[in-house]
Amino acid sequence: MSEHDVAASDAPAPGTVASAPGSQPRRRRSLLHGPAGRNLGLVIALVAICLVGIITAGDRFATLDNLLTILRLASVLGVLSIGMTFVITGGGIDLSVGSVLGLASVWASTIATQTMAEDSHWIVMVLVALGVGVGAGLINGVLVAYGKVVSFIATLAMMVAARGLAEVIANRRTQVVRVRDFLDFFRADPLGVPVLVWIFAVVSVAGWVLLNRTTFGRRTVAVGGNAEAARLAGIKVQRHTMYLFALSGLAAGIAGVMMLGRTTAGSSTNGMLYELDAIAAVVVGGTLLAGGRGSIVGTVLGVLIFTTLTNVFTQNNLSISAQSVFKGAIIVGAVLLQQRLADRSRAGT
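Quick caveat, the model's predicted, so the values are computed rather than measured. (Residues numbered from 1 in each chain as written. Predicted model: local features only at pLDDT ≥ 70, side-chain atom pairs only at ≥ 80, totals over all residues. Heavy atoms only, no water.)

A.B. asks: Can you break down the packing of aromatic side chains residue by residue, with the values?
C.D. replies: Within the structure shown, the criterion is met by 5 aromatic pairs. Considering the side-chain rings of Trp 122 and Phe 182, the 5.9 Å spacing of their centres and the 75 degrees angle between planes classify their relative orientation as edge-to-face. Note that Trp 122 is positioned in the loop between α5 (111-119) and α6 (123-145) and Phe 182 in helix α8 (residues 180-187), a separation of 60 residues in sequence. Among the residues examined, Phe 182 registers a relative accessible area of 0% and is labelled buried. Taking 4.8 Å as the distance between ring centres and 45 degrees as the angle between the ring planes, the aromatic pair formed by Phe 182 and Phe 186 counts as tilted. With Phe 182 and Phe 186 both in helix α8, this residue pair falls 4 residues apart, about one helical turn. Taken as a pair, Phe 182 and Phe 186 share a single burial class, namely buried. (Phe/Tyr/Trp six-rings, centres within 6.5 Å; stacked < 30°, edge-to-face > 60°. Helix = DSSP H or I, 4+ residues; strand = E, 2+ residues; numbered from the N terminus. Buried < 20%, exposed > 50% of the residue type's maximum accessible area, 1.4 Å probe, protein only.)

A.B. asks: I'd like a description of helix α14 (residues 296-315), backed by residues and values.
C.D. replies: Taking 1.5 Å as the rise per residue, α14 with 20 residues should run 28 Å; its terminal C-alpha atoms sit 28 Å apart, in good agreement. Two to three positions downstream of the cap, the backbone nitrogen of Gly 298 sits 2.9 Å from a side-chain oxygen, assigning the N-cap of α14 to Ser 295. Just downstream of α14, Asn 317 is the residue with a positive phi angle, here 55 degrees. (Expected span 1.5 Å × (residues − 1). Polar contact = N/O pair within 3.5 Å; in protein donor to acceptor, adjacent residues only side chain to side chain.)

A.B. asks: Explain the side chain of Asn 270 residue by residue, including any values.
C.D. replies: One can find Asn 270 in the loop between β2 (265-266) and α13 (274-284). Residue classification places Asn 270 among the buried residues on the basis of a relative accessible area of 10%. Within the structure, Asn 270 has its side chain in polar contact with the side chain of Ser 105 (distance 3.1 Å). Apart from residues no more than four positions distant in its own chain, Asn 270 is found in contact with Gly 98, Leu 101, Gly 102, Ser 105, Arg 163, Met 259 and Ala 265. (Contact = heavy atoms within 4.5 Å.)

A.B. asks: So what's going on with unusual backbone geometry? Which residues, and what values?
C.D. replies: Not every positive phi belongs to a glycine, and Arg 172 is a case in point at roughly 60 degrees. Looking at Arg 172, the relative accessible area reads 67%, which means it is exposed. Positive phi, close to 60 degrees, is recorded for Leu 191, a residue that is not glycine. Its place among the elements puts Leu 191 in the loop between α8 and α9 (195-212). The exposed category is assigned to Leu 191, whose relative accessible area is 78%.

A.B. asks: Can you explain α6? Please cite residues and give values.
C.D. replies: Between the first and last C-alpha of α6 there are 32 Å, a value that for 23 residues agrees with the 33 Å anticipated at 1.5 Å per step. Those residues of α6 not exposed but buried are Val 124, Met 125, Val 126, Ala 129, Val 132, Gly 133, Ala 136, Gly 137, Asn 140, Gly 141, Val 144 and Ala 145. Where α6 is buried, its residues touch α4 (97-108), α5, α7 (151-170), α8 and α12 (237-263).

Scope: geometric values only; no functional claims are made or implied.
Structure representation (structure tokens):
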């Protein structure tokens, strides 16, 4: 079953008993213009990119190892993007997730933290990274919700501060992870699938359930659609906004742990510009930049599209500049499509 965005416009009118004689084609058209249609379009785009990869790169692209490489690279960005989906759906934006990822990876790989992990359990490193992420997210949330600072400015300040703090802690050096149990866990591949991909899958499912099957998700959509109306409906908008940024920080902390597991090193450069890739994946996935509509399935597909596209470019030895141009064109196209669909929906009401 395809995902349904949690939006008031998607709910059936109360008291509807039977369809009108000519309503079946109209219902099909509305489905194609709804979340199912958007996700279908993303799947078609992903398949088209894969076909281009097979045609241009041949056996180098169409292998199981390359598929696992794509999924492994998509996993860290994907977890960041899940958290970003909630913030953007709630009407905000978080520019600090990449820097918070870097700070979490540095803090969790300091000598003191690794010594504690060796003396007790490697989970200490995970808890430190998650604590850093949630702490940074809460600071963002308090500034935005209670300090009335625009989310763009508040998270921009956090982006700069977190990156600077990471450089200070690491003294601009790379901190190698030496906790053997930690490394062994992230090198495992249950059922032939890397642990990083499993984590991405679990976070995606949890994010989908939270957004689409809980009151937290419905409140997120309500706050992003109209914060004043949500307040009048009894939702504590400020507290909920703070929770959204804390959730984004938690996702950044998880991504920081995953980055440590993938690179086996903590560095202040980890997660550089990841916030832009996460925003791009969320927007391409169909989440409205203005808030009020979000899609976890769309975000996952958006992440896979960008990661697969990067892999195709790499397989064909195309420059990073060319990748940036294509990504920029995709983002602009997605935003223009969002505006067109929004205008069409308004015209139909």
